[in-house]
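Results of the structural survey
The residues making up each chain are set out below.
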Amino acid sequence: VLGFLSVTLFFLLSFGREAEVSASQEAYEDVQWTSDSNSHPPWLRFHLNISRWQLYLHRDPNMEPLTQQLATHRIVSAVQKSGGTQLKLVMSFPNYGQAMLKPMKQERDEETNYNLYYFSDFERHNAEIAAFHLDRILGYRRVPPVAGRLVDVVKEIKDITTDRKLARTFFTSPVGNVCFYGQCSYYCSTEHAVCGRPRHLEASLAVMLPDLSLASRRTWRSPWRRSYSRSKLAKWETEPDYCSTVKKTPPYDKGTRLVDFMDMVILDFLMGNMDRHHYETFEKFGNNTFLLHLDNGRAFGRHSKDEPSILAPLEQCCRIRRSTWLRLRLLSLPQYRLSDVMRASLFSDPLHRVAPLLSEPHLAALN
C-alpha cells in the first residue's frame, strides 16, 4: 500500500478538525475519521488501498459504495479544471471527495468524422465510463473508478460554482436548454456548447487520485507517440526495427515496463484510442510499478474500422504478458465473449437506465 497515504490521512484529519469549527465549511460534513478504515468515506479508502501494482483490489468491496457516491452524492462545488484541451470540471462532495466531470458531447450512435485527425476528436463521457469497465475486465485495474451521472446543470453547476470564468459562459439556447462552454483550447465556444435537456446533462465522473502534493506522479512520453502533425510521421512509423532501440532504453530495458506498456496498447486497440501520447506512474514506486491508464475520452470513436497502427508496439516488439494473453484467449471463447461481458458490466452503471453506454456496433467490434 502507498506509504505516503498515511500522510494523506494525517493531513485530512488535521483539515477535518479545522473544518468542524469553521463557519465557512457549512456545505461539508463534520469530519469524524479515525485510523479505523470503517470511519473513512469511500474515496479515502480508495486512496489508502492504492498499491504498487494496481489502483484497487480484485472484487474490492469498496468499489460499489465509491461508484454509488460518484453517481448520487450531493455536489457542493463545481469549478473548471485548468489545463487540458477540452472542457472538464472538478466536482466536490460534502465528505471532501472530488471527481473529474466530463460532459456529454456526442450521441451514442455517432462515429468520429473520418476527415478529422485523432487530435481533433471530441472527448466522450461514455468512453471514460466504458474504459473503466474494459480495463477492469482485462484484469488491469489501472483506470480510476468512473460512474455516469445525470447532472442538473443549474442546481449542481451554475448555482454553486465559484469559478467566475465558467459562470460567465452560461446561456439559454433558443429551444430553452441551459448551456455553457467554459474556457479551453478546443471546442469551448457557443458553437460547441454543452447543453442540458433542458437542464439535465449526462456526464462521467471519475474519482480524483491523491493530490500531487501528497502523491507525486511522473509523466512519461510514450515511445510510440504519434507525430500530432498533419504531414509528418513519427519515427516508429518509418523504422520497422524501432523496438530494438526502445528495449535498450531505460526504463524499458528491464523489469516489467515493456509488458506493462503492451497492456496499455491492447486496451487502446480495443477502444480505438489513438491519443496515448503520455502516461503516468506514481513516483513513490520508481520504475517498478504499474502505468496509470488516464484520459480515455477519445476512445470508442469508431466501430466500423479498426486502427491497426495502435498495435505497432506489439507487432514490433512481439512481447506480451502471459496473464494478458490468457485473459484475451478466455474472452475469445463463446461463453465469455468480450462484447457480452462488457454489456453485462456496463448494465450496472446508472446511465444505462437512460440508454446503453455503448451501442451494439461498438460492442460487436470488441469481439
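Please read all numbers here as calculations on a predicted model, not as lab measurements.

Helix and strand counts for the protein chain come out as 12 helices and 10 strands. Its C-alpha atoms give the protein chain a radius of gyration of 21 Å, near enough to 21 Å, the size a compact globule of 367 residues would have. Taking the principal axes of its C-alpha atoms as reference, the protein chain extends roughly 65 × 55 × 40 Å. Looking at the protein chain as a whole, 52% of its 367 residues are labelled buried. Here the protein chain displays about 17900 Å² of accessible surface, and carbon together with sulfur accounts for 51% of that area. Positive and negative side-chain charges in the protein chain, numbering 47 and 40 respectively, have mean positions lying 4 Å apart.

For strand β10 (residues 278-282), the buried fraction is high: 4 of the 5 residues fall into the buried class. As paired strands, strand β9 (residues 217-221) and β10 are joined by 5 bridges and run antiparallel to one another. Paired with T219 across the two strands is E280, which belongs to β10.

Our focus in this paragraph is the pattern of salt bridges. Within the structure shown, the criterion is met by 18 salt bridges. The network of salt bridges with common partners includes K102, E123, E128 and D295.

Residues given the UniProt feature "domain: FAM20 C-terminal" (unreviewed entry) here are residues 170-367. Along residues 170-367 the backbone is 26% helical and 13% strand, and the end-to-end C-alpha distance reaches 42 Å.

In this description, a pair of aromatic rings is defined by centroid distance and the angle of the planes. Scanning the model with the defined rule gives 13 aromatic pairs in all. Put simply, the rings of W220, W224, Y242, Y252, F261 and Y279 touch in pairs and so form one group of aromatic residues. The ring of W220 carries the charged tip of R218 above its face, separated from the ring centre by 3.8 Å. Just above the ring of W220 sits the side chain of R257; from NZ or CZ to the centre is 4.5 Å.

Another point: helix α11 (residues 338-346). For α11, every residue scored as buried is listed here: L338, S339, M342, S345 and L346. The buried residues of α11 occupy one face: seen down the axis, they fall within an arc of 130 degrees. The inward-facing, buried residues of α11 abut α4 (125-137), α8 (257-271) and α12 (360-365).

Our focus in this paragraph is the sheet that holds strand β5 (residues 171-172). Reading across the sheet, the 3 strands line up as β5-β6-β7 and stay open at both edges, with antiparallel pairing between neighbours. The open sheet has two edge strands, β5 and β7 (194-195), and neither has a second partner. Summarising the sheet, strand β6 (residues 178-180) and β7 pair through 2 bridges and their orientation is antiparallel. Bridge assignment links C179 to a residue of β7, and that residue is C195.

The next subject is unusual backbone geometry. The general pattern is negative phi for most residues beyond glycine and trans for most peptide bonds. With an omega of -15 degrees, the peptide bond running from R197 to P198 counts as cis. Within the secondary structure layout, P198 lies in the loop between β7 and β8 (200-207). Omega for the bond connecting P250 with P251 falls within 30 degrees of zero, at 5 degrees, which places this linkage in the cis form. Positionally, P251 belongs in the loop between α7 (242-247) and α8. With a phi close to 60 degrees, R141 is a non-glycine residue in the positive phi region. Looking at the element boundaries, R141 is found in the loop between α4 and β4 (146-152). R141 sits in the buried class, given a relative accessible area of 15%. For Y228, which is not glycine, the phi torsion reads 55 degrees and is therefore positive. Turning to its location among the elements, Y228 is positioned in the loop between β9 and α7.

Reading the values: the criteria
- Residues numbered from 1 in each chain as written.
- Predicted model: local features only at pLDDT ≥ 70, side-chain atom pairs only at ≥ 80, totals over all residues.
- Heavy atoms only, no water.
- Helix = DSSP H or I, 4+ residues; strand = E, 2+ residues; numbered from the N terminus.
- Rg over C-alpha atoms; globule rule 2.2 N^0.38 Å.
- Buried < 20%, exposed > 50% of the residue type's maximum accessible area, 1.4 Å probe, protein only.
- Areas by Shrake-Rupley, 256 points an atom, 1.4 Å probe, with all protein chains shown as cover.
- Lys, Arg positive; Asp, Glu negative; His and termini not counted.
- Charge placed at Lys NZ, Arg CZ, Asp CG, Glu CD.
- Pairing = 2+ DSSP bridges.
- Salt bridge = Lys/Arg side-chain N within 4 Å of Asp/Glu carboxyl O.
- UniProt positions renumbered as here; feature names shortened; annotations may be inferred.
- Phe/Tyr/Trp six-rings, centres within 6.5 Å; stacked < 30°, edge-to-face > 60°.
- Lys NZ or Arg CZ within 6 Å of the ring centre and 35° of its normal.
- Arc of directions from axis to C-beta.
- Contact = heavy atoms within 4.5 Å.

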